[in-house]
Amino acid sequence: MHHLEVSELFAMLVVMLVAAKIVGELAQRIGQPAVLGELIAGILVGRSVLGLVDPHVETIHMLSELGVVILLLAIGLETDLRAMMRVGVTSLAVAVVGVVLPFGLGYAACRLLGLDGLTSIMAGATLTATSVGITARVLSDLGRLRDVEGQIILGAAVIDDILGLVILTVVGGMVGGGSVSVGAVAWTTGAAFGFLAVTLVVGHLALPWLVRLASRINLPGTPTIFALTLALGLAWLAEKSGSALIIGAFAAGVLLAKTPRAHEIEKGITTLGHFFVPLFFVAVGASVDLSAINPLNPDSRWALVVGGALIVCGVVGKLAAGYAPFWFRGDKRVVGVGMIPRGEVGLIFAQMGLDQGVFDAGMFGGVTLMVIVTTFLAPPLLKLLLTSKNGGRIDEEPEGIEDLVTEA
């Protein structure tokens, strides 16, 4: 991580926010979701083009992490837990197939290309995760977050993150040269699922008391600060218990959704989100290094071959996951496409492979290409599927998280 002077940090934030708003607005004017514009803005101002934003600066990284916590808190506030529980088995089927199939296809493709076992396993692992933030933003943009397909995608993406943690534990152990025990894998799985279950049960019992306690503080903005404090606290607890930060933030939103002041909380969190959420998506775009896929570079030509194979495996694997629950009567295409984007999660896996010496520059470039294509493919495809399904009409949107995507 790099450090900046305060004035340099302010300048970088100005660049990120202005770029996000301008390119987000341009994206919407050509009929695409604003999040697509924010990702492109990140590439433009990042190291690939202008070099004005370094996402590895510690403060920028921290602010972008806060952005994703606020986004998942807002998504949780829009989530009907009972509706999600009703599609729980369907989400589980989508998540499991959406992890196992891309991993298997990616591993097989890399072995056919002549890569060794460990590199192939690492490449397969990069295909497993779904970036819930990107899909949720698109669904919110179109007013479809509460659709049954949206609930399935959200549920599957949460399970995906947990399964991703398990895979990260296994692959990390293999890369480090250590043995991977069944006990370690079982502990990671149990800790992640257990945290979510315990949080929802204990939170349901304790939250009314906490809300009454907070309501005694009669200061402006108290409900919003209470919600943010709860999200940050649960995110911290989630990571300490072996789960993921975003699962804690999402759980906080789900718990707060049924409280008496949920609407007031949602308005306050949305206001905060206008600043922090775009920073997250711009930082994701700025993390992409297009020089890794320069066709004039010999290493990059190999990256294009590997990247092409991984793109096919990644897209086919996630699309097939949408069709895994054969009993589901909704639009399976929407579910499959919604699971496609890898975003920052895929880049984390790729960076881990590079840092550990498992990936060379060409292999890292190939994975980067896969992340770029899958991340940018999903928003326009979802827009196409959902608007055509709805006769070109976008549903009336309730006030809240949708504001984070509709106002560029």
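Every value quoted in this text rests on a predicted model; they were computed, and no experiment measured them.

The rules behind the values
Residues numbered from 1 in each chain as written. Predicted model: local features only at pLDDT ≥ 70, side-chain atom pairs only at ≥ 80, totals over all residues. Heavy atoms only, no water. Helix = DSSP H or I, 4+ residues; strand = E, 2+ residues; numbered from the N terminus. Buried < 20%, exposed > 50% of the residue type's maximum accessible area, 1.4 Å probe, protein only. Contact = heavy atoms within 4.5 Å. Areas by Shrake-Rupley, 256 points an atom, 1.4 Å probe, with all protein chains shown as cover. Polar contact = N/O pair within 3.5 Å; in protein donor to acceptor, adjacent residues only side chain to side chain. Salt bridge = Lys/Arg side-chain N within 4 Å of Asp/Glu carboxyl O. Patch = residues over 30% accessible without salt bridge, like charges linked within 9 Å, V, L, I, M, F, W, Y side chains within 5 Å. Axes fitted to C-alpha atoms, helices over the stretch in contact; angles between N-to-C directions. Left-handed = near helix turned anticlockwise from the far one by under 90°. pLDDT = per-residue confidence, 0-100. Core = buried A, V, L, I, M, F, W, Y, C linked by side-chain atoms within 4.5 Å. Phe/Tyr/Trp six-rings, centres within 6.5 Å; stacked < 30°, edge-to-face > 60°. Parallel < 35°, antiparallel > 145°, perpendicular 65-115°, else oblique. Nonpolar A, V, L, I, M, F, W, Y, C, P; charged D, E, K, R; others polar.

Looking now at the overall build of the protein. Within the protein, the secondary structure is distributed over 17 helices and 0 strands. Relative to its 408 residues, the protein shows a buried fraction of 56%. The long-range fraction of contacts in the protein, counting pairs at least 24 apart against all pairs at least 6 apart in sequence, stands at 80%. Total accessible area on the protein is roughly 17000 Å²; 67% of this is exposed by carbon and sulfur atoms.

Moving on, we get to helix α6 (residues 117-126). Burial within α6 is extensive, with 8 of its 10 residues counted as buried. Looking only at α6, the buried set comprises T119, S120, I121, M122, A123, G124, A125 and T126. Its side-chain oxygen 3.1 Å from the backbone nitrogen of L118, D116 forms the N-cap of α6.

Next up on the list: the pattern of salt bridges. Per the stated rule, a full pass over the model turns up 2 salt bridges. For D331, the salt bridge goes to R333, with nearest N and O atoms at 3.1 Å. Classification of R333 as partly exposed rests on a relative accessible area of 40%.

Now for a nonpolar patch on the surface. A cluster of nonpolar side chains, contributed by I40, L44, V49, L50, L52 and L290, occupies part of the molecular surface with about 480 Å² of accessible area. With respect to the helices and strands, L44 occurs in helix α2 (residues 34-45).

A word on the packing of helix α5 (residues 88-112) against α6. One way to put it is that α5 packs onto α6 with a least axis distance of 8 Å and a crossing angle of 145°. For the pair α5 and α6, the crossing hand works out as right-handed. For the pair α5 and α6, the contacting residues are F103, G106, Y107, C110 and R111 in the first and G117, S120, I121, A123, G124 and A125 in the second.

What follows concerns the confidence of the model for the protein. Residue-level pLDDT values for the protein average 80, and 84% of them are 70 or greater. A low-confidence stretch, residues 392-399 stays under pLDDT 50, and its non-local contacts, those more than four residues away or across chains, total 22 contacts.

This part covers the nonpolar core. Counting 116 residues, the largest nonpolar core has L72, L256, I269, F281 and L310 as the members making the most contacts within it. With residues up to four places along the chain from it excluded, the contact list for L72 reads V132, I246, A249 and F250.

This next bit is on the packing of aromatic side chains. For the coordinates displayed, the defined rule picks out 3 aromatic pairs. Aromatic side chains F280 and F281 sit 4.9 Å apart centroid to centroid with 65° between the ring planes, which places their arrangement in the edge-to-face category. Summarising the burial analysis for this pair, F280 and F281 share the class buried. Judged by centre distance (5.0 Å) and plane angle (80°), the rings of F326 and W327 are edge-to-face.

Looking now at the packing of helix α1 (residues 6-29) against helix α12 (residues 262-286). One can describe the packing of α1 onto α12 by two numbers: an axis separation of 9 Å at closest approach and a directional angle of 90°. What the angle tells us is that α1 and α12 run roughly perpendicular. Of α12, the residues touching α1 (which contributes L13, M16, L17, A20 and K21) are H274, F275, P278, L279, V282 and A283. A class-by-class count of the residues in the contact of α1 with α12 yields 9 nonpolar, 1 polar and 1 charged.

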